[in-house]
Amino acid sequence: MITTGNPCPICRDEYLVLHYTNIDLLKQFIHPETGEIFDTRIIHVCQKKLIELEVAIEKAKFYGLLKYQVPFRKYDYSEYYPDLKEM
């Protein structure tokens, strides 16, 4: 492992493993209101660990371990069904 003057916080601890079941660790890198990953300038994570972090977060969301908001979409069916103008 090449050490630099300012290693990322995940690379610094050799026993820390990014895994999708480690929800408490993943929540530290997710914005609580938007559910998006913080910018790398804020969390200071290297590019290699950022990719691993994105994969772990998406996998945790897929398995239902992390909550996330899905926007509600309202569709206009009037052009498909002209008889339903009141919807």
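Model, not experiment: these values are computed from the prediction.

## Quick word on the side chain of Lys49
Here's step 1: Looking at the secondary structure, you find Lys49 in helix α4 (residues 47–62).
Here's step 2: The class for Lys49 is buried, based on a relative accessible area of 16%.

## Considering the environment of His31
Here's step 1: Residue placement: His31 occurs in the loop between α2 (23–27) and α3 (40–43).
Here's step 2: Relative accessible area serves as the criterion here: at 25%, His31 is assigned to the partly exposed category.
Here's step 3: Excluding its chain neighbours within four sequence positions, the residues that come into contact with His31 are Glu36 and Phe38.

## Considerations on the nonpolar core
Here's step 1: Core analysis: the biggest nonpolar cluster contains 16 residues, and Leu26, Phe29, Leu53 and Leu66 have the highest contact counts within it.
Here's step 2: Contributions of two or more residues to this core are made by α2 and α4.
Here's step 3: Ranked by residues supplied to this core, first place goes to α4 with five residues.
Here's step 4: Ignoring sequence-local partners within four residues, the contact set of Phe29 consists of Ile10, Glu36, Ile37, Phe38, Ile43, Val45 and Leu53.

## Quick look at the pattern of salt bridges
Where charged atoms from two side chains of opposite charge come close, those side chains can pair.
Here's step 1: Following the criterion strictly, the structure yields two salt bridges and no others.
Here's step 2: Put simply, Lys49 and Glu52 hold a salt bridge, and the shortest N to O gap is 3.5 Å. Taken together, the residues span about one helical turn, with Lys49 and Glu52 both in helix α4 at a distance of three residues.
Here's step 3: For Glu52, a relative accessible area of 32% corresponds to the partly exposed category.

## Focus: α4
Here's step 1: If you check α4, its first and last C-alpha atoms are 23 Å apart, about what 16 residues at 1.5 Å a residue would give, namely 22 Å.
Here's step 2: Along its buried surface, α4 packs onto α1 (9–12), α2 and α3.
Here's step 3: One or two positions beyond α4, positive phi appears at Gly64, with a value near 85°.

About the criteria used
- Residues numbered from 1 in each chain as written.
- Predicted model: local features only at pLDDT ≥ 70, side-chain atom pairs only at ≥ 80, totals over all residues.
- Heavy atoms only, no water.
- Helix = DSSP H or I, 4+ residues; strand = E, 2+ residues; numbered from the N terminus.
- Buried < 20%, exposed > 50% of the residue type's maximum accessible area, 1.4 Å probe, protein only.
- Contact = heavy atoms within 4.5 Å.
- Core = buried A, V, L, I, M, F, W, Y, C linked by side-chain atoms within 4.5 Å.
- Salt bridge = Lys/Arg side-chain N within 4 Å of Asp/Glu carboxyl O.
- Expected span 1.5 Å × (residues − 1).

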